[in-house]
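One-letter residues, chain by chain:
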Amino acid sequence: MRRRIILIICSLAACMGVRAQYSDIANGIANVLMPAVSGSKSYRGNVEVDYTQGVGRYRTNSVTFTTSQGYQLTDWLYMGAGLGVDVFWSQVGPGWDAGWNGPDWNRQSYTSRAVMIPIFTDFRFKAGSWKKPSFFADLKVGAAFLCTDDYVKIRDGYLTNTAYFYLQPSIGVRIPVNPANAKQALNIGVHYRLITSDYWSGYQSSVVLNGLGANVSFEW
């Protein structure tokens, strides 16, 4: 009888412990999401449009729309996560020719225009007052995914994979637009973009796509 009572007590204690753990997890999730839902001063978001001009040997131009959502961890540091839509096209001259060992030889279709989806972590550093124009530096690091099975022709070969390393640092000026709410501002900047990818020109290799551009964003 005593053993049964002890087992029942232990079972109840275990159940209470599991419930407590679930309760702690739920409370933790609620605490993380509450600033975003309530719009408290720690939560921040922005939408951005970029134009990037390809430079170097393998050139691709792009127009990109992104959004980033996160938290203002300190007065000068923001960290968040974002995604976007990147419409890009390659600069292929009239003499472009990948030779006999190209996608046609392997019955693979190809294109010079495509769409990528960048997914990234966003770090932004601010120097200066919230209520006055100030300088910022931003760093996006993540991956971009090609939304086509076609090969993308560039220079004398093709981009052949669907996942890319994505890096975009930028600097610029933050301009407050609402005197009653210093969180709302327009950001104007310039950036450098780096994308690495597999590349095929008679044999498999890698290529680095470089670009310089300008960006405009609105934050709240």
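Residues numbered from 1 in each chain as written. Predicted model: local features only at pLDDT ≥ 70, side-chain atom pairs only at ≥ 80, totals over all residues. Heavy atoms only, no water.

**Concerning the packing of aromatic side chains**
So the rule is basically this: We call Phe, Tyr and Trp rings a pair once their centres come within 6.5 Å, taking the six-membered ring for Trp, and we label the pair stacked below 30 degrees between planes, edge-to-face above 60, and tilted otherwise. The helix count covers DSSP runs of H or I at least four residues long, the strand count covers runs of E at least two residues long, and both are numbered beginning at the N terminus. For a lysine, the NZ atom is tested; for an arginine, the CZ atom; a charge sits over a ring if that atom is within 6 Å of the ring centre and within 35 degrees of the ring normal.
Counting across every chain of the model gives four aromatic pairs. Between the aromatic rings of Tyr43 and Tyr71, the centroid separation amounts to 6.5 Å while the plane-to-plane angle is 75 degrees, which identifies the pairing as edge-to-face. Within this pair, whereas Tyr43 is found in strand β1 (residues 43-55), its partner Tyr71 is found in strand β2 (residues 60-72), the two being separated by 28 residues in sequence. Positioned over the ring face of Phe136 is Arg124, at 4.5 Å from the centre of the ring. A cation over a ring is seen here: Lys126 above Trp130, with NZ or CZ 4.4 Å from the ring centre.

**Points about the pattern of salt bridges**
Note the threshold: A pairing counts as a salt bridge when a side-chain nitrogen of Lys or Arg comes within 4 Å of a carboxyl oxygen of Asp or Glu. Only protein chains enter the accessibility calculation, which uses a 1.4 Å probe. A residue is then buried if its area is under 20% of the maximum for its type, exposed if over 50%, and partly exposed in between.
Taken as a whole and judged by the stated rule, the model has nine salt bridges. Ionic pairing is found between Asp86 and Arg193, a salt bridge with its closest N-O pair at 3.0 Å. Taken as a pair, Asp86 in strand β3 (residues 77-90) and Arg193 in strand β10 (residues 185-200) lie far apart in primary sequence, 107 residues in all. Here the two residues Asp86 and Arg193 agree in accessibility, since each one is buried. Overlapping salt bridges, with partners in common, bring together Arg44, Glu48, Arg124, Asp138, Lys140, Arg174 and Glu219 in one network.

**Points about the pairing of strand β9 (residues 163-176)**
The test is simple: Strand pairing requires that DSSP identify at least two bridges connecting the strands.
As paired elements, strand β6 (residues 134-146) and β9 share 12 bridges and run antiparallel to each other. Looking at the pairing, Phe136 lines up with Gly172 of β9. For β9 and β10, the ladder comprises 10 bridges, and the chain directions are antiparallel. Considered in β10, the bridge of Ser170 is made with His191.

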